[in-house]
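Each chain, written out:
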Amino acid sequence: MKLLQKLKRIAGAWIRFAYRCTYKWIPIDPKLVIFISFHGRGYLDNPKAIYEAMRNDPRFQGYRFIWYIKHKKKKNIVIPGAKVVEYFSIPYFYYLSRAKFWVINCKMPSYISKKPDQIYLQTWHGTPLKKLGHDIDVAENTTFYRSGMNFEEMTGSYDIDVARYNYMISPNTFCTEVFQSAFGIDRQRLIETGYPRNDFLSNYTEDDVLRIKKKYNLPLDKKIVLYAPTWRDDSFVAAGYTFELQADFKKWKEVLGEDTIVLFKPHYLIINRFDQDPSLKGFLYSIPAEAEISELYIVADRLVTDYSSVFFDYAILKRPIYFYMYDKEQYANNLRGFYLDIYKDLPGKIYEKEQDLLEALKKEEFDQERLSAFNALFNNREDGEASKRVLDVLAKDRME
């Protein structure tokens, strides 16, 4: 196993070397677009929404589209109208060199090179509660990610990628300010359009709700609670980030009753699997980490989260949100810190004890006025037209 990993690292190094030597000589195809979501984890998020809008926009008629998917054969993902290419393969590097447009929602590796005539749209993937990049205020010896980067290396990796952006999507005025300090990006390259992925939350139909419930084999006549916690920077093993579940779902079933089910959706970075207790069958539904979470939003009557940015998007639906922050002091003081005052600015109440959370869910205690004030500040651009606004920007660069 170690020998195989060593050979893969050597092969990867040679591929990167060959790429750096040849990318300049590969001509740009003005009608080629590549898409990457979460480092190839799937057909997801803002790139997916932009792709689907681009396919139906006459301004991009005749264009070719390529999606990079990690372990594409195993996942067997078919994307109508697009070619699917293995992430970090020889074709991956070739089409990066060839494509006029890059549509990407995550930080790209530092060894990637972009030509001046290529257009890199960084869509990002959430409004941040947790501090990002240059804004993180931590102790001098703090390291980041599983790679153990120090602060200068971490921010330097962002600086390299940001220098390549032609445009970066901002979903709201708050992010327009935060992204400038967190990523060191100038205001001129930020396009405040709203998030394309959220167009679905404004435009979905009851047929979509029924389709998704059937997709996950969910009952049609029960209340649904979505539990979607985030990852912890300091909880990982060699293969990836782990999450220690602090939820007694047996207790959830006892308190919430027979008319409710729970969907548990871990963050996409979390690699450990959670064993399903047979006694919870029909009550607890474990959703794969790589699933498209916007589909879960529209079927969920309530959201329970912690520090994840999912609540910014879910708030668009004007449904109750509950914050289960059992490790609040540790998270705020020792990991990243917050942009918002979590006691005043969040669209729901914080619960540190599981029993208090469950009782609030059972009684359906929620302050709707607090949610309305939150949406006025953070979701005023979410009107179902964000994808169109993004394409209006890209269309200007089609022939340049």
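Residues numbered from 1 in each chain as written. Predicted model: local features only at pLDDT ≥ 70, side-chain atom pairs only at ≥ 80, totals over all residues. Heavy atoms only, no water.

A. Layout of the overall build of the chain. If you tally the helices and strands in the chain, you get 15 helices and 15 strands. Per-residue burial over the chain gives 55% buried out of 400 residues. The long-range share in the chain, meaning contacts at least 24 apart out of those at least 6 apart in sequence, stands at 68%. Accessible surface computed for the chain: about 18,800 Å², of which carbon and sulfur atoms make up 52%. (Helix = DSSP H or I, 4+ residues; strand = E, 2+ residues; numbered from the N terminus. Buried < 20%, exposed > 50% of the residue type's maximum accessible area, 1.4 Å probe, protein only. Contact = heavy atoms within 4.5 Å. Areas by Shrake-Rupley, 256 points an atom, 1.4 Å probe, with all protein chains shown as cover.)

B. Molecular detail of the packing of helix 2 (residues 45-55) against helix 15 (residues 386-395). With their axes 10 Å apart at the nearest point, helix 2 and helix 15 run at an angle of 70° to one another. In terms of their interaxial angle, helix 2 and helix 15 are classed as roughly perpendicular. Contacts between helix 2 and helix 15 involve Ala49, Ile50, Ala53 and Met54 from the former and Ser387, Val390, Leu391 and Leu394 from the latter. Partitioning the contact of helix 2 with helix 15 into residue classes produces seven nonpolar, one polar and no charged. (Axes fitted to C-alpha atoms, helices over the stretch in contact; angles between N-to-C directions. Parallel < 35°, antiparallel > 145°, perpendicular 65-115°, else oblique. Nonpolar A, V, L, I, M, F, W, Y, C, P; charged D, E, K, R; others polar.)

C. Fine view of the packing of aromatic side chains. Applying the stated criterion across every chain, the model contains 45 aromatic pairs. For the pair Phe374 and Phe378, a centre-to-centre distance of 4.7 Å together with 35° between the ring planes defines the contact as tilted. With Phe374 and Phe378 both in helix 14 (residues 368-378) and four residues apart, the pair spans about one turn of that helix. Pairwise contacts between aromatic rings join Tyr19, Tyr23, Tyr68, Tyr87, Phe88, Tyr92, Phe93 and Tyr111 into one cluster. The ring centre of Tyr111 lies 5.1 Å from the NZ or CZ of Arg16, which sits over that ring. Across the ring face of Tyr158, the terminal group of Lys107 is positioned such that the distance to the ring centre comes to 4.2 Å. (Phe/Tyr/Trp six-rings, centres within 6.5 Å; stacked < 30°, edge-to-face > 60°. Lys NZ or Arg CZ within 6 Å of the ring centre and 35° of its normal.)

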